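Examining the three-dimensional arrangement
Take a look at the letters that make up each chain.
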Amino acid sequence: DLRRDHRVGGTSRRRIPGLSHGDRSTEDGNPDLETGVLGGRPDLVTLRNLDRLTGDPQVTRLKPFLTAAWWLVLTGWIAALIAPGAAAMSAFTALPALGVEVPSHAAFFADDPDGAGRFAAGFVTYPIFLATDRIQLVLAGIAMLLVLVERGVPCGDGGRGHRLLCRLALLSASGCLAWYLLFVAPPLATSLHDWRTAVLADDASSAATAYRIFDPLHRTAERLTTATLGSLLILVAACGFRTGTNPRKETG
């Protein structure tokens, strides 16, 4: 049961069993660890975040696994963003330099051999980007599931400001991904298909029209990808900073 700790100005303070002295003290900057009992009526004051402080026993036992899963998700998500970009840079640089041509669209790029190489590079890298979209969707879903299980961002328990930073970074990454998947990827895929069809048919007019739609969408996709990656890097830095500190020293 709760044990009486000390009394200040008629308001008693009670300790929570199982918490260290450094964790109990409101003077150490953690007011959630004590509750005042006014006039002997504990029902007048509610202990904030009691379930979070004492912890669900099952969640507590799973904590190391949840933390490991969280870091794996973040690492995989960042890798899924970087890998296709690196592959695209390599393909769009190497194939034009090699003078790669595909007979089916050689006539369209008769005066633009570098364009023929870039067109071929697009066919090579497009399946990678499609796979990346699916991987990101799965990893983002797992990240949200972990947040629900933990009732907060894992490793995001370093204070109100730290929790806010972690939540905003995760919401930013998820929001950018959702915007891309819902509003950018579908018309981007359609315009790319139309452009390729026109190129293969040697229809310069239709190809130009489709490319005018495709190009701004492609630039938007690049910006959203960059924003997603930046948000994840901020989240990793925030979580890593908290993991590298000693909560015991911070609280007492």
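Residues numbered from 1 in each chain as written. Predicted model: local features only at pLDDT ≥ 70, side-chain atom pairs only at ≥ 80, totals over all residues. Heavy atoms only, no water.

**As for the layout of surface pockets**
Of the pockets and cavities examined, the second largest pocket occupies roughly 1,000 Å³. F92, F129, F214, H218 and E222 are the residues nearest the centre of the second largest pocket, which is lined by 36 residues in total. Among the elements of the structure, helix 3 (57-98), helix 4 (113-150), helix 5 (160-200) and helix 6 (204-243) are those that each provide at least two residues to the lining of the second largest pocket. Considering every element that reaches the lining of the second largest pocket, the biggest residue donor is helix 4, with eleven residues. Counted by class, the lining of the second largest pocket contains 21 nonpolar, nine polar and six charged residues. (1 Å grid on protein atoms, 1.4 Å probe; cavity = no way out; pocket = protein on both sides within 12 Å on 5 of 7 lines; lining within 4 Å. Points joined across faces, edges and corners; volume = space filled by probe spheres on them. Helix = DSSP H or I, 4+ residues; strand = E, 2+ residues; numbered from the N terminus. Nonpolar A, V, L, I, M, F, W, Y, C, P; charged D, E, K, R; others polar.)

**Points about the nonpolar core**
Formed by 23 residues in total, the largest nonpolar core has its most connected members in W70, W77, V153, L170, L232, L235 and C239. Counting only elements with at least two residues in this core, the list comes to helix 3, helix 4, helix 5 and helix 6. Top element by residues in this core is helix 3. It accounts for seven residues. Counting residues in each nonpolar core, the second largest holds 18 residues, with F109, Y180, A185 and A221 among its members. (Core = buried A, V, L, I, M, F, W, Y, C linked by side-chain atoms within 4.5 Å. Buried < 20%, exposed > 50% of the residue type's maximum accessible area, 1.4 Å probe, protein only.)

**Here's the deal with the pattern of salt bridges**
What the rule picks out here adds up to three salt bridges. Here E150 and K63 are joined by a salt bridge, their closest N and O atoms 3.1 Å apart. Here E150, found in helix 4, pairs with K63, found in helix 3; they are 87 residues apart in sequence, far enough to count as distant. The closest approach of N and O atoms between R118 and D112, which form a salt bridge, is 3.7 Å. Exposure remark for R118: the relative accessible area of 40% places this residue in the partly exposed category. (Salt bridge = Lys/Arg side-chain N within 4 Å of Asp/Glu carboxyl O.)

**Things to note about the confidence of the model for the chain**
For the chain, the average pLDDT comes to 80, and 71% of its residues sit at 70 or higher. Low confidence marks residues 1-14, where pLDDT is under 50. Its contacts with residues over four positions away, or in another chain, come to 37 contacts. When the criterion is pLDDT under 50, residues 246-252 qualifies, and its contacts beyond four places in sequence or with other chains add up to eleven contacts. (pLDDT = per-residue confidence, 0-100. Contact = heavy atoms within 4.5 Å.)

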